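Coordinate analysis (summary)
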Amino acid sequence: MLAAIAQVLDSGTLILGPRVREFEREFARYLGADDCAVGVASGTDALALALRVLGVGAGDEVITTANTAVPTVSAIRMVGATPVFCEIDRRSLLMNVCDAARRITSRTRALLPVHLFGNMVDMPAVMRLAGDRNLRVVEDCAQCTGATLGGRHAGTFGDIGCFSFYPTKNLGAYGDGGLCLACSDEIADALRSARCFGARDYRVATCEGVTSRLDELQAAILLVKLRDLVADVAERRRLAQLYREQLSDGVDLPTALAECAHAYHLFVIAVDDRAKVIGRLEAEQIGYGIHYPVPIHLMPAYRFLGYSLPLTERAAERILSLPCYPGLTDDEVARICEVVNSAIAE
């Protein structure tokens, strides 16, 4: 890693240089896609730029879920569009495609399914709906690098797949970074212009854009880490299987489609008395997370949208993320399960 960083510093090329181009090619190859990857400054920018180049803007509606990170929705607002929240599937906690269909109006321009926890939305159903209603599809893959559905990677189904390389992700940089995977050369070219203030050559803007570029340092770091991604995701899956074998029946686990290979960015459980479980974990100095404790429609910044989503709200009261990362030992998983099971049994 330090050698890769030193090479960038010695080169004097820090923005949109050879490392960025190489990483774009290698990441597209990893995804089994054509060379239509475009590195940008963050996952949020990836979503906003994707919507922008697909023509989504003021007066348009974008259907997504409230059980997600804030940037999913802030990206929609960045292009002037209105987020429309559909309910989640009570088993997977991901987009309920049937409910999304019910919320389509004459103003709906795009569907924005969020692949959460490392689990994938039913993309064949999403794409059928989009085709029937002439809608664009932007996949939020921030938590799903490494997951596949029917052998196809997250991000390769819709018009554009959007990835985040925030340091905690399955493939994380040492700062912010993101990427758009386009379904065509035409869309990829539009993204390359949009990320660079609307210009490709000669600093002359041919369209309105922004400044959002993956830098050479982060690309060099990501190239090093990409070498281990397959092994890292395999280890996450192995650890998840240990959890599934050792957690008691009193712990609910979100489901995945039979043909989905979950990437386990997070190992999420659902329990009725979450406070008790958290108390026991804290007493044993075991880390945990809640992804996410407050659905976006209930946050002060977005209450004006005026939604009530009972399934989403109930899920937010019960979910809990347990440690799951390469380097976690089998004994540590066993100890975590022991603590959780004990709390549930009390």
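The following refers to the structure shown. (Residues numbered from 1 in each chain as written. Predicted model: local features only at pLDDT ≥ 70, side-chain atom pairs only at ≥ 80, totals over all residues. Heavy atoms only, no water.)

Helix and strand counts for the chain come out as 12 helices and 12 strands. What you see for the chain is a C-alpha radius of gyration of 20 Å, in line with the 20 Å of a compact globule of 346 residues. Each principal axis of the C-alpha atoms in the chain carries an extent, and together these give about 70 × 55 × 35 Å. Looking at the 346 residues of the chain, the share that counts as buried comes to 55%. Excluding contacts between residues fewer than 6 apart, the proportion of contacts in the chain whose partners are at least 24 apart in sequence is 70%. A total accessible area of about 14,900 Å² is found for the chain, and carbon and sulfur atoms account for 48% of it. (Helix = DSSP H or I, 4+ residues; strand = E, 2+ residues; numbered from the N terminus. Rg over C-alpha atoms; globule rule 2.2 N^0.38 Å. Buried < 20%, exposed > 50% of the residue type's maximum accessible area, 1.4 Å probe, protein only. Contact = heavy atoms within 4.5 Å. Areas by Shrake-Rupley, 256 points an atom, 1.4 Å probe, with all protein chains shown as cover.)

Note on placement: Asn 341 falls in helix H12 (residues 330-345). Within the structure, the side chain of Asn 341 is placed 2.9 Å from the backbone oxygen of Gln 246, a separation counted as a polar contact. Aside from chain neighbours lying at most four places away, what touches Asn 341 is Gln 246, Leu 247, Ser 248 and Val 251. (Polar contact = N/O pair within 3.5 Å; in protein donor to acceptor, adjacent residues only side chain to side chain.)

Residues Leu 9, Leu 14 and Ile 15 make up a contiguous nonpolar surface patch of roughly 280 Å² in combined accessible area. For Leu 14, the position within the fold is in the loop between helix H1 (2-11) and helix H2 (18-30). (Patch = residues over 30% accessible without salt bridge, like charges linked within 9 Å, V, L, I, M, F, W, Y side chains within 5 Å. Salt bridge = Lys/Arg side-chain N within 4 Å of Asp/Glu carboxyl O.)

Glancing now at the sheet that holds strand E7 (residues 152-153). An order of E7-E6-E10 is seen for the 3 strands of this open sheet, with the pairing classed as antiparallel. Unpaired on one side and paired on the other, E7 and strand E10 (260-261) mark the two borders of the sheet. Both strand E6 (residues 148-149) and E7 contribute to a ladder of 2 bridges, which runs antiparallel. When the bridges of E7 are listed, Leu 149 appears paired with Arg 152. (Pairing = 2+ DSSP bridges.)

All right, on to the pattern of salt bridges then. If you walk through the whole model with that rule in mind, you get 18 salt bridges. Here Asp 272 makes a salt bridge to Arg 318, at a shortest N to O gap of 2.9 Å. Residue Asp 272 is located in the loop between strand E11 (267-270) and helix H10 (274-283), and its partner Arg 318 is located in helix H11 (residues 310-318); the two are separated by 46 residues in the primary sequence. One salt bridge connects Arg 280 with Glu 346, and the closest N-O pair in it is separated by 2.6 Å. Taken together, the positions of Arg 280 in helix H10 and Glu 346 in the segment after H12 put the pair 66 residues apart, joining distant regions of the chain. A single network of salt bridges, built from pairs that share partners, joins Asp 252, Asp 272, Arg 314, Glu 317 and Arg 318.

Our focus in this paragraph is the state of the cysteines. For the structure on display, the rule yields 0 disulfides. Between Cys 86, a cysteine without a disulfide, and Cys 98, which holds the nearest cysteine sulfur, the sulfur-to-sulfur distance is 10 Å. Its relative accessible area of 0% is what places Cys 86 among the buried residues. Note on Cys 260: no disulfide assigned, nearest cysteine sulfur contributed by Cys 144 at a separation of 6.5 Å. A relative accessible area of 12% places Cys 260 in the buried class. (Disulfide = S-S within 2.5 Å.)

The next point concerns the environment of Ala 48. Position of Ala 48 relative to the elements: it lies in helix H3 (residues 43-53). Residue class for Ala 48 comes out buried when judged on its relative accessible area of 7%. Put simply, Ala 48 and Val 79 are 31 residues apart on the chain and 6.4 Å apart in space, counted from C-alpha to C-alpha. For Ala 48, the contacting residues outside a window of four places in its chain are Ala 75, Met 78 and Val 79.

For the rest of this paragraph, the subject is helix H7 (residues 185-194). Among all positions in H7, only Ile 187, Ala 188, Leu 191, Arg 192, Ser 193 and Ala 194 are buried. Looking at the buried side of H7, the elements it contacts are strand E1 (37-40), H3, strand E5 (136-140), strand E8 (160-164) and strand E9 (178-182).

Ordered by their spatial adjacency, 7 strands build an open sheet running E1-E9-E8-E5-E4-E2-E3, and the pairing between neighbours is mixed. Of all the strands in the sheet, just E1 and strand E3 (82-86) have a single pairing partner and so form its edges. Neighbour to neighbour, the strand axes of the sheet diverge by 30 degrees on average, direction disregarded. Here 5 bridges tie strand E2 (residues 61-65) to E3, and the two strands are oriented parallel to one another. When the bridges of E3 are listed, Ile 63 appears paired with Val 84. Along the sheet, H3 contacts E1, E2, strand E4 (108-111), E5, E8 and E9; its crossing angle with E8, the most-contacted strand, is approximately 165 degrees. (Axes fitted to C-alpha atoms, helices over the stretch in contact; angles between N-to-C directions.)

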